[in-house]
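Structure assessment
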Amino acid sequence: MRLLAHNLLACVRCGNYPLLVQADEMEEIEVEPSPVFLERMRDRIDMKALQMALASLEIEVPSFDSISEWPIELLHHVLQEIEVVEGALKCDQCEVVYPIKNRIPHMILRGTADGE
Amino acid sequence: MSRPEHAAPPEIFYNVDEAAKYAMNSRMIYIQSVMAERALQLLNLKDENALILDIGCGSGLSGEVLSNKGLAWIGTDISSSMLSVAMQREVDGDVILGDMGEGLPFRPGVFDGAISISALQWLCNADFTDANPYKRCMKLFTRLYAALKRGTRAVFQWYPENTKQMEMVTAAAMKCGFTGGMIIDYPHSTRAKKYFLVLFCGASSDPSEEAPKALGTNGEEPDEGDAGAEGEGAPTSASVLGASRRRVSRRGKKVSVKSREWIQSKKDRQRRQGKEVRSDSKYTGRKRKGKF
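Below, the structure is looked at part by part. These numbers were taken from a predicted model, which means no experiment stands behind them. (Residues numbered from 1 in each chain as written. Chains lettered and ligands numbered in written order. Predicted model: local features only at pLDDT ≥ 70, side-chain atom pairs only at ≥ 80, totals over all residues. Heavy atoms only, no water.)

What to know about empty space enclosed by the protein
Residues and elements named next belong to chain B.
- According to the stated counting rule, one finds two cavities of 30 Å³ or more in the structure shown.
- Computed from the structure, the largest cavity encloses a volume of approximately 390 Å³.
- Together, 31 residues line the largest cavity, and Y14, G56, D77, A119 and W122 are the ones closest to its centre.
- Where the lining of the largest cavity is concerned, the elements lending two or more residues are α2 (10-13), α5 (61-68) and β2 (72-77).
- Taken together, the residues of the lining of the largest cavity break down into 15 nonpolar, 10 polar and six charged. (1 Å grid on protein atoms, 1.4 Å probe; cavity = no way out; pocket = protein on both sides within 12 Å on 5 of 7 lines; lining within 4 Å. Points joined across faces, edges and corners; volume = space filled by probe spheres on them. Helix = DSSP H or I, 4+ residues; strand = E, 2+ residues; numbered from the N terminus. Nonpolar A, V, L, I, M, F, W, Y, C, P; charged D, E, K, R; others polar.)

Take a look at the structure:
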């Protein structure tokens, strides 16, 4: 799960967001930048969620007052190139914990028969 | 045709073996891609730099179609085996394991459209106790309506089992605020016939926008060799919900029972079988008048 995806997520049960993110393993990947797409996403990004995620992943970025001041390169890096491999997401309202396994957040409430 | 959703719940059916098929079988890949292209066409995106939600993304075949068009996407699926295949294929979008019947895990107003290829029929089956297909549809559509930006669309290609299912699903979608309806491509063909549920999320910003058209309503078949398969067939207007439901016309007129033609063909058949049959006359098949 990359931070762009995290930024869009909300709790399945109560719809609360942002979800708290905790990482046991992280990876930096290289993704071709798409500035036009990111410009378009800029007003859709939830600042609070992004900053919270960066803080809990201990990634330091220069501070800006609003999302419009973020340079596009930095936005690209934090949203597209940082991936949580193993970890968990947690809703601080209803206390549901969603594990992240092999880069995939498991967001199913019912006990899955899929195993693992 | 056997229906896989009767065999097992999706997270069980799409196990490692089944997921491998979707990675290897070129015919499966081809069909999925063609349907994804058609769904994308029906989505009628105005902007190329859009973010699309793929519900039931599976191994990411439909996602690849989106990536090829330069679109960013996020996928959800209930089968972790299928998602593992997607990971191995290194798809461009992020994938999330989720049950669409529990609702979608997204905050409001983030997507420019949603597509779903061959997934919705799974929702119509009660696979575990206290599963209510209608309620699960409602949960999906409520969260989907919220997650989409206003004026966008969601296109579901699916395999409804009967009219009842179609009615249940569309009723749930309408109740959640969507407008739109079913589009049936190639309605006269058994093999190429495809059902699309096209949903509009709020009014479109463009008033000149036309209702989507179905393909192949004149009875032509799609061109199998053409991977694009775009803009084929003469379009007719789409059946919009609330308006009269389109009925698929039968091939050839059915001959009414006990008519002269019916008797004639029956006699011919029996003659061919070598049976003793009364000779034909002007009285054959004529109705008796009044008293005997």
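Focus: the layout of surface pockets
- Of the voids in this model, the second largest pocket is the one considered here, and its volume is about 730 Å³.
- Broken down by secondary-structure element, the contributors of at least two residues to the lining of the second largest pocket are α4 (72-80) of chain A together with β2, α6 (80-88) and β3 (94-98) of chain B.
- At three residues, the largest contribution of residues to the lining of the second largest pocket is made by β2 of chain B.
- Residues that form the lining of the second largest pocket fall into these classes: 16 nonpolar, six polar and eight charged.

Notes on the packing of helix α7 (residues 133-147) of chain B against helix α8 (residues 163-175) of chain B
Residues and elements named next belong to chain B.
- It is at 9 Å that the axes of α7 and α8 come closest, and there the two elements cross at 40 degrees. It follows that α7 is oblique to α8 by the angle criterion. At the point where α7 passes α8, the crossing takes the right-handed sense. Across the interface between the two elements, P133, Y134, C137, M138 and F141 of α7 pack against M168, V169, A172, A173 and K175 of α8.
- Across the contact of α7 with α8, the residue classes tally to nine nonpolar, no polar and one charged. (Axes fitted to C-alpha atoms, helices over the stretch in contact; angles between N-to-C directions. Parallel < 35°, antiparallel > 145°, perpendicular 65-115°, else oblique. Left-handed = near helix turned anticlockwise from the far one by under 90°. Contact = heavy atoms within 4.5 Å.)

Structural notes on the packing of aromatic side chains
Residue and element names in this part refer to chain B.
- All told, the structure shown has eight aromatic pairs over all chains when counted by the stated rule.
- Pairing F13 with W122 gives two aromatic rings, centres 5.7 Å apart and planes at 40 degrees, and the pair type is tilted. Of the two residues, F13 is situated in helix α2 and W122 in the loop between β4 (113-117) and α7; the sequence distance between them amounts to 109 residues.
- In textbook terms, an aromatic cluster arises when at least three aromatic residues are bridged by ring pairs, as seen for F141, Y145, F156 and F178.
- Looking at R38, its charged tip hangs above the ring of F196, at a distance of 5.9 Å from the centre. (Phe/Tyr/Trp six-rings, centres within 6.5 Å; stacked < 30°, edge-to-face > 60°. Lys NZ or Arg CZ within 6 Å of the ring centre and 35° of its normal.)

A word on the packing of helix α3 (residues 16-24) of chain B against helix α4 (residues 26-43) of chain B
Residue and element names in this part refer to chain B.
- Packing of α3 against α4 brings their axes to within 6 Å, and their N-to-C directions diverge by 75 degrees. Considering their axes alone, α3 and α4 lie roughly perpendicular with respect to each other. Residues E18, K21, Y22, A23 and M24 of α3 pack against S26, M28, I29 and Q32 of α4.
- Of the residues in the contact of α3 with α4, the class split is five nonpolar, two polar and two charged.

Focus on unusual backbone geometry
- For the bond running from Y17 of chain A to P18 of chain A, omega is -5 degrees, close enough to zero to count as cis.
- Relative to the helices and strands, P18 of chain A resides in the loop between α1 (3-8) and β1 (20-28).
- Even without being glycine, R103 of chain A reaches a positive phi, approximately 70 degrees.
- One can find R103 of chain A in the loop between β3 (97-101) and β4 (104-107).
- Taking relative accessible area as the criterion, R103 of chain A reaches 18% and is therefore assigned buried.
- Positive phi, normally seen in glycine, also occurs at S118 of chain B, with a value near 50 degrees. (Buried < 20%, exposed > 50% of the residue type's maximum accessible area, 1.4 Å probe, protein only.)

What to know about the sheet that holds β2 of chain B
- Here 11 strands make up an open sheet; going across it, the order is β1(A)-β2(A)-β3(A)-β4(A)-β3(B)-β2(B)-β1(B)-β4(B)-β5(B)-β7(B)-β6(B) and the pairing mixed. For this open sheet the edge positions go to β1 of chain A together with β6 (179-185) of chain B, each flanked by a neighbour on one side alone. Neighbour-to-neighbour, the strand axes of the sheet open up by a mean angle of 20 degrees, direction not taken into account.
- Where strand β2 (residues 82-90) of chain A lies against β3 of chain A, four bridges are found, and the strand directions are antiparallel. In the sheet register, L89 of chain A faces β3 of chain A, and the bridge partner there is Y98 of chain A.
- Against the sheet, α4 of chain B engages β1 (51-55), β4, β5 (152-158), β6 and β7 (194-201) of chain B, with an angle of about 150 degrees to β4 of chain B.
- Sitting on the sheet, α7 of chain B touches β1, β4, β5 and β7 of chain B, and the angle it makes with β5 of chain B is about 145 degrees. (Pairing = 2+ DSSP bridges.)

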